[in-house]
Amino acid sequence: MMENQQQNQQTLKGAVTISGVGLHTGSHVNMTLKPAMPGFGIKFQRIDLPDQPIVKADVDYVVDTARGTTLEHNGARVSTVEHILAALVGMGVDNVLIELNGPEIPIMDGSSMPFIEIIEEVGIQEQDAKKVYYSIDTNINYYDDVKKVEMVALPAVDYRITALIDFNSQVLGTQHANLKSLADFKKEIAPCRTFVFLHELEYLLANNLIKGGDINNAIVVVDKQMTEAELSRLATAFGRDTISVQREGILNNAQLHFPNEPARHKLLDIVGDLALIGFPIKAHIIANRPGHASNVEFARKIKAYIKKNKHNKDVPIYDPNQPAIFDIRRIEKTLPHRYPMLLVDKIIELSDTRVVGIKNVTFNEHFFQGHFPGNPVMPGVLQCEALAQVGGILALNPVPDPENYDTYFLKIDNCKFKQKVLPGDTMILKMELLSPIRRGLVEMRGTVFIGNKVATEADMVAQIVKREGK
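Since this is a predicted model, take the numbers as computed values, not measurements.

**Thoughts on the sheet that holds strand 20 (residues 354-360)**
Here's step 1: Strand order in the open sheet formed by six strands is 19-20-22-23-24-21, and the pairing between neighbours is antiparallel. The sheet is open, and its two borders are formed by strand 19 (346-350) and strand 21 (405-417), each paired with just one other strand. Between one strand and the next, the sheet's axes are offset by a mean angle of 25°, whatever the strand orientation.
Here's step 2: Inspection of the sheet shows strand 22 (residues 426-433) paired to strand 23 (residues 441-450) by seven bridges, in the antiparallel sense. From the neighbouring strand, methionine 427 faces strand 23, where its bridge partner is isoleucine 450.
Here's step 3: In the packing of helix 9 (residues 380-396) onto the sheet, contacts are made with strand 19, strand 20, strand 21, strand 22, strand 23 and strand 24 (453-466), and the angle to strand 22 comes to roughly 50°.

**Focus on the pattern of salt bridges**
Should their charged atoms come close, side chains of opposite charge can pair.
Here's step 1: Tallied over the full model, the rule gives 22 salt bridges.
Here's step 2: Lysine 418 is the partner of glutamate 457 in a salt bridge, and the nearest nitrogen-oxygen pair spans 3.0 Å. With glutamate 457 in strand 24 and lysine 418 in the loop between strand 21 and strand 22, this residue pair connects regions lying 39 residues apart in the sequence.
Here's step 3: Taking the relative accessible area as the measure of exposure, glutamate 457 reaches 22% and is therefore partly exposed.

**Notes on the pairing of strand 18 (residues 281-288)**
Here's step 1: Most of strand 18 is tucked away: six of the eight residues are buried.
Here's step 2: Across five bridges, strand 13 (residues 149-154) lies against strand 18 in antiparallel orientation. In the strand pairing of strand 18, valine 152 is matched with isoleucine 286.
Here's step 3: In this sheet, strand 18 lies alongside strand 14 (residues 159-166) in parallel orientation, the contact comprising six bridges. In the strand pairing of strand 18, isoleucine 161 is matched with isoleucine 285.

What counts and how
- Residues numbered from 1 in each chain as written.
- Predicted model: local features only at pLDDT ≥ 70, side-chain atom pairs only at ≥ 80, totals over all residues.
- Heavy atoms only, no water.
- Pairing = 2+ DSSP bridges.
- Helix = DSSP H or I, 4+ residues; strand = E, 2+ residues; numbered from the N terminus.
- Axes fitted to C-alpha atoms, helices over the stretch in contact; angles between N-to-C directions.
- Contact = heavy atoms within 4.5 Å.
- Salt bridge = Lys/Arg side-chain N within 4 Å of Asp/Glu carboxyl O.
- Buried < 20%, exposed > 50% of the residue type's maximum accessible area, 1.4 Å probe, protein only.

Here is the structure:
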């Protein structure tokens, strides 16, 4: 794990408010960020509407990506969420309630920097809950043949992004931007403002689609020759006496912060839009010609992958080169079981709350003679028994003289068999305490993994009982 990887969830130390105008709606909006409990995530609340509905920052609620990313749920609609989401991800804020008295996040200067400034002003509070990252263990690809957009998430030890843009524009040309670590977000990406091509701006102005009044919050890329009359009309829109085109083909309403500021802003949008996955991820994102629509579709794809493989985040790693914590001789001293009923070969991990054991399944197992001869499958009840034996080691570990006690199972709940266990498989048997051991009662959750796939899972309750005469 990277040293700068955030270990615990974070929220804000207090509430903080920022006000501004929505770029597209022209509404003047007050936005208040408020601390929230661990696991709350990022949610928006429209306090100006009846019942003050809440919409979670989740890709499932995206309803529009035409000129920014818009969410809608429970009758609450919130537009242009990407820049505030990027600021929260960039600063490592996991849990926050965002109250709004209007339909759109204020555009401010078109970047994430004003939001980062208010987050820093109020301060960040570490919370007593671990931050769970989801690792991508295979390439996830997204391709839009019409827009020629290509995005891929590659396995990586942390979260990093590479963005490439190419608008067939002589002014912008091909640009790329890199974010090697979220620690660099504030300095390298946050100040980068949204940009618009002149032909888009003229259309938006003509159709009254930018009502934000002050349009000095975007870099305008001039992609054609302009007459004095056109410049004069734009000067009026920008509230300037005169306006001119700079050498780089950028209107002089804005000075560039970086030569590749447009590419960096596209990267900022990716950070914000991929926050809608709902889980912090470890992956290297490479995006070629990204936009809000493709970012959101890509986020949907990554979220679906994580939901399908969610249990994998806690798959124990079995390295046969590492010495066992309990070898078979130590297991025999702890458990009363013997051939043919001893179903655990070694213990590779043991703590107060969790144990991981290994059972190598071979064709020579006694039960294969009678269980589906010619089609050997390990009986499900024996998989549960193997889990139970590993759980017995966890239960007896705190006991000073474990050889004088036995564990008896009282209950098995929620047992599911998801994959056959066959000769040649290595069963990774994990048992975790669900609550502290009280009065000899041990509540555990058990999982059998074959590789990184779940074969069997069950909730079990056992009781520790002293052997008679001991």
